[in-house]
Amino acid sequence: MQSLNFKVNNQHHSTTCHRGSSLLSLLRQLNYFGVHRVCETGDCGACTVWVNDTAVHSCIYPAMRINKQSVTTIEGLSSNNELAPIQQAFLQAQGFQCGFCTPGMIMSAAKFPFSSVQDLYTNMKGNLCRCTGYQAIIESILLFQNSNGRDTVATPAMLTPHSVGESVPKQDGTAIVTGKAYYTADNLQSGLLHLKILRSPIPHANIRRINIDKAKALPGVVDIFTYKDVPRIPYTTAGHAEPVPDPLDHYLLDNKVRFVGDRVAAVVASEVAIAQKALLLIEVDYEVLPYVINPVEAMTDECVVIHNEPESVQIPVREACAQRNRNRNIAGEIFLESGDVEKGFDEADLIVENTYTLPAVQHVHLEPHVTVTHLESDGTLVVRSSTQVPFHCQRLLSQLFDIPKEKIRVYKPQLGGGFGNKQEILTEDLCALATLRTGKPVQWEMTRNEEFTATNSRHAMTIKLKTGVKTDGKIVAQDLEIIANTGAYGNHGKTVVFLSGYIPLGLYRCDNKRFSAYAVYTNTMPGGAFRGYGA
């Protein structure tokens, strides 16, 4: 352990830290929660602080280097309950939305000089935002510069709109610009345990054997769960109301893995580092299976059946698709038709036919998936989570653990971006299980690597569109086929492909239309909800 003496916002601190600890981790342990954990690679700037008045990314700054130094965080900018000019400027120009990047933006903008807007772009390239499109941030920084560091005009918090066209201030604006906005991970409960997941290195395999003895013997490990320790109840991770339209094809933990990054085992330990070390001690014997990553191939490859387990339901069975020679790798299908499409094409003067290929895209919300669970004295399970669907989460947890909904409280604090990727139940289920089994508060915070490899993406799609028109421009026939890669699980698959065709075909007057769509299983990370659902 390293002994440290330093100042944060002019307050003295004496503490110890593990060698290799980052300044970010140390500051958050000291309850400076305006310093946000996002990338831990120095790429996003959300953790920016000043060390001796120099802006640094605290996630890659060694904590041991601040001995006898002075640190300033976003919480130290304002004084006597008055905002600093840079904070006033961001508040007045509303240079934020979710606010997760805002403290880092402010700390960087206050220290980086610039003589032109292009210089501003260059100097701020180390700070990322996924909400605003940057324009409001640029306007905030320019307002600060034009004020020459003096107080700006009255902030929106002091204004009351009276008519249409007047700016309506964001209610949580002051909390955001001062680093006091409360996000899910901004709380250090006494006795908090940490959960980490062992993930599959193989795209498709049966688990023949898991040995957790060495991992469980590691000091600090509280419990380990495998598929043998959890109820086998099929469910969808998608946040949809009942009756859910998705395949029920997911399990808390399963004896089969279906993509690189799939869950294998869960470790609960007193510290994150101990849980991560325990993961390395778990021994897994896999029966490697053939895999497929192309949805077109998956529709016809009889050798690869990704969901052959009898418990999963609401998956189109092979017999129902026999005329189109489909196998069970179809998670959902849509077929809609009106008029006489073939007759319409016969009458067309011009037929235009194209194929469009759209890649998977990650949401990159700056706040990772994170859940904290604990039990109240009356037995109520409390779930604090960065979720977009708290009520759907409550319902699912009730079903999984046979607990009345009124004994489960799910709430979300400030949300640091979601864009559809948090319209899923991805961390709440195992975190709740860990608390129910141990009786202790448990936190599960995903890493950025896990966000890219083990959550969801926009559905990759192949779109074939054929349109027939007359010389006067009248559309007489449209035929649309969509094949979407829904990945290893079918959450959102059917609803996404439905909207992908149903909405655009409805935009044009045409008597003859046909729409066919398939959400197809592959051995890749699942597709899910994404901004512009189905677009």
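Each value, and the rule that gives it
- Residue numbers run consecutively from 1 along every chain, following the written order of its sequence.
- Selection of residues for local features in this predicted model requires a pLDDT of at least 70, selection of side-chain atom pairs for listing and counting requires 80 or more, and totals for whole chains, interfaces and linings are taken over all residues.
- By convention in this description, side-chain values take in all heavy atoms of the structure and omit both hydrogens and water.
- Labels follow the DSSP assignment, with helices taken as runs of H or I lasting at least four residues and strands as runs of E lasting at least two, numbered in each case from the N terminus.
- Taken over C-alpha atoms, the radius of gyration is set against a globule rule of 2.2 Å times the number of residues to the power 0.38.
- Working definition: with a 1.4 Å probe on protein chains only, accessible area under 20% of the residue-type maximum means buried, over 50% means exposed, and in between means partly exposed.
- Between N-to-C directions, angles span 0 to 180 degrees; the directions come from axes that are lines fitted to C-alpha atoms, helices contributing only their stretch in contact.
- Any angle between 65 and 115 degrees counts as roughly perpendicular, while under 35 counts as roughly parallel, over 145 as roughly antiparallel, and the rest as oblique.
- Each crossing is labelled by how the near helix is turned from the far one, with a counterclockwise turn of less than a right angle marking it left-handed and a clockwise turn marking it right-handed.
- Should any heavy atoms of two residues lie within 4.5 Å, those residues are considered in contact.
- When residue character is reported, Ala, Val, Leu, Ile, Met, Phe, Trp, Tyr, Cys and Pro are called nonpolar, Asp, Glu, Lys and Arg charged, and the others, Gly included, polar.
- Paired strands, in this sense, are two strands between which DSSP finds at least two bridges.
- Nonpolar cores are built from buried Ala, Val, Leu, Ile, Met, Phe, Trp, Tyr and Cys residues. Side-chain atoms within 4.5 Å join them into one set.
- The term salt bridge refers to a side-chain nitrogen of Lys or Arg lying within 4 Å of a carboxyl oxygen of Asp or Glu.
- Identification of polar contacts relies on pairs of N or O atoms within 3.5 Å, with a donor-acceptor requirement for protein atoms, meaning one able to donate a hydrogen and the other able to accept it, and with residues adjacent in sequence counted only if both atoms are side-chain atoms.
- Working definition: a disulfide is two cysteine sulfur atoms within 2.5 Å of each other.

Participant: Go over the overall build of the chain, please, and point to the residues and values.
Facilitator: Broken down by element type, the chain carries 14 helices and 20 strands. Relative to its length of 535 residues, the chain is compact, with a C-alpha radius of gyration of 26 Å against a globular reference of 24 Å. For the chain, the spread of C-alpha atoms along the principal axes amounts to about 80 × 65 × 40 Å. Evaluated residue by residue, the chain yields a buried proportion of 56% over its 535 residues.

Participant: Break down the packing of helix H11 (residues 390–401) against helix H12 (residues 428–438) for me, citing the residues and quoting the values.
Facilitator: Contact geometry of H11 with H12 gives a least axis separation of 10 Å together with a crossing angle of 50°. If you check the angle between H11 and H12, you find them oblique. Crossing hand, H11 versus H12: right-handed. Residue-level contacts link Cys393, Leu397, Leu400 and Phe401 of H11 to Glu428, Asp429, Ala432, Leu433 and Leu436 of H12. When the residues that make up the contact of H11 with H12 are grouped by side-chain class, the tally is seven nonpolar, no polar and two charged.

Participant: Give me the lowdown on helix H3 (residues 102–109), citing residues and values where you can.
Facilitator: Taking burial as the measure, the eight residues of H3 include eight buried ones, the bulk of the element. In the core, the buried residues of H3 are packed alongside strand S3 (48–51), strand S4 (54–57), strand S5 (70–72), helix H2 (85–92), helix H5 (135–146) and helix H6 (173–177).

Participant: Describe the sheet that holds strand S15 (residues 381–385), naming the residues involved and giving the relevant values.
Facilitator: Read across the open sheet, the seven strands follow the order S8-S10-S6-S17-S14-S15-S16; overall the sheet is mixed. Looking at strand neighbours, the two that pair on one side only are strand S8 (221–225) and strand S16 (408–411), the edges of this open sheet. Averaged over all pairs of adjacent strands, the angle between their axes in this sheet comes to 20°, without regard to strand direction. Taken together, the five bridges between strand S14 (residues 370–375) and S15 define a ladder with antiparallel strand orientation. The partner of threonine 373 across the bridge, within S15, is valine 383. Its contacts with the sheet put helix H8 (residues 272–279) on strand S6 (193–199), S8 and strand S10 (263–269), and the angle it makes with S6 is roughly 25°. Contacting S6, S8, S10, S14, S15 and strand S17 (442–445), H12 runs over the sheet at an angle of about 25° to S14.

Participant: Explain the nonpolar core residue by residue, including any values.
Facilitator: Side chains of a nonpolar character, in soluble globular proteins, are inclined to be buried together. Counting 55 residues, the largest nonpolar core has Leu27, Ile66, Leu77, Ile86, Phe90 and Ile141 as the members making the most contacts within it. Those elements giving two or more residues to this core turn out to be strand S1 (2–8), helix H1 (23–29), S3, H2, H3, H5 and H6. Sequence-distant contacts of isoleucine 66, defined by excluding residues within four places in its chain, comprise Leu4, Asn5, Phe6, Leu23, Leu26, Tyr61 and Val71. Among the nonpolar cores identified, the runner-up in size contains 31 residues, and Leu381, Val383, Leu396 and Val442 belong to it.

Participant: Hey, could you go over the pairing of strand S2 (residues 11–17) for me, with residue numbers and the actual values?
Facilitator: When S1 meets S2, the two strands line up antiparallel, connected through seven bridges. Opposite glutamine 2, over in S2, you have cysteine 17 as the bridge partner. Counted along the chain from S1 to the antiparallel partner S2, the turn is two residues long, and its residue asparagine 9 has a positive phi close to 55°.

Participant: Residue-level account of the sheet that holds strand S19 (residues 475–487), with values.
Facilitator: In any sheet, the strands associate via hydrogen bonds between backbone groups, in a parallel or an antiparallel arrangement. In space, the five strands of this open sheet follow the order S12-S20-S19-S18-S13, with mixed pairing throughout. Of all the strands in the sheet, just strand S12 (330–338) and strand S13 (350–358) have a single pairing partner and so form its edges. Neighbour to neighbour, the strand axes of the sheet diverge by 5° on average, direction disregarded. Taken together, the nine bridges between S19 and strand S20 (residues 513–521) define a ladder with parallel strand orientation. Opposite leucine 480, over in S20, you have phenylalanine 515 as the bridge partner. The sheet strands contacting helix H14 (residues 493–505) are S12, strand S18 (460–469), S19 and S20, and the helix crosses S20 at an angle near 160°.

Participant: Can you explain the side chain of aspartate 429? Please cite residues and give values.
Facilitator: Mapped onto the secondary structure, aspartate 429 falls in helix H12. What aspartate 429 contacts, discounting residues up to four positions off in sequence, is Tyr235, Leu252, Arg263, Leu397, Leu400 and Phe401.

Participant: So what's going on with the packing of H2 against H3? Residues and values would help.
Facilitator: In contact at an axis separation of 10 Å, H2 and H3 are set at 130° when each is read in the N-to-C sense. As judged from the angle between their axes, H2 and H3 are oblique. In terms of crossing hand, the pair formed by H2 and H3 is right-handed. Along the contact surface, H2 presents Ile86, Gln87 and Phe90, while H3 presents Thr102, Met105, Ile106 and Ala109.

Participant: Could you give an account of the pattern of salt bridges, with specific residues and numbers?
Facilitator: Throughout the structure, instances matching the rule amount to 18 salt bridges. Between arginine 37 and glutamate 40 there is a salt bridge; the shortest N-O distance is 2.9 Å. For arginine 37, a relative accessible area of 18% corresponds to the buried category. Given a relative accessible area of 40%, glutamate 40 falls into the partly exposed group. For arginine 208, the salt bridge identified is with aspartate 285, shortest N-O distance 3.3 Å. Of this pair, arginine 208 sits in strand S7 (residues 205–211) while aspartate 285 sits in strand S11 (residues 283–288); the two residues are 77 residues apart in sequence, bridging distant segments of the chain. Members of the salt-bridge network, linked through shared partners, are Arg232, Asp254, Arg258, Glu309 and Glu311.

Participant: I'd like a rundown of the side chain of arginine 263, residues and numbers included.
Facilitator: Within the fold, arginine 263 resides in strand S10. One polar contact links the side chain of arginine 263 to the main-chain carbonyl oxygen of leucine 426, over a distance of 2.7 Å.

Participant: Could you give an account of the state of the cysteines, with specific residues and numbers?
Facilitator: Overall, the coordinates contain zero disulfides when judged by the stated rule. We note that cysteine 431 lacks a disulfide partner, and the nearest cysteine sulfur, in cysteine 393, lies 10 Å from it. By relative accessible area, which is 0% here, cysteine 431 ends up buried.

Participant: I'd like a rundown of unusual backbone geometry, residues and numbers included.
Facilitator: Most peptide bonds are trans, and most residues other than glycine sit at a negative phi. Residue proline 243 is bonded to the preceding glutamate 242 through a cis peptide linkage, with omega at -5°. As for its placement among the helices and strands, proline 243 is situated in the loop between S8 and strand S9 (256–257). Residues other than glycine seldom take positive phi values, yet glutamine 314 does so here, at roughly 65°. Along the polypeptide, glutamine 314 turns up in the loop between helix H9 (295–298) and S12. Judged by its relative accessible area of 42%, glutamine 314 falls in the partly exposed class. We note that histidine 492 has phi near 70°; this positive angle belongs to a residue other than glycine. Along the chain, the position of histidine 492 falls in the loop between S19 and H14.

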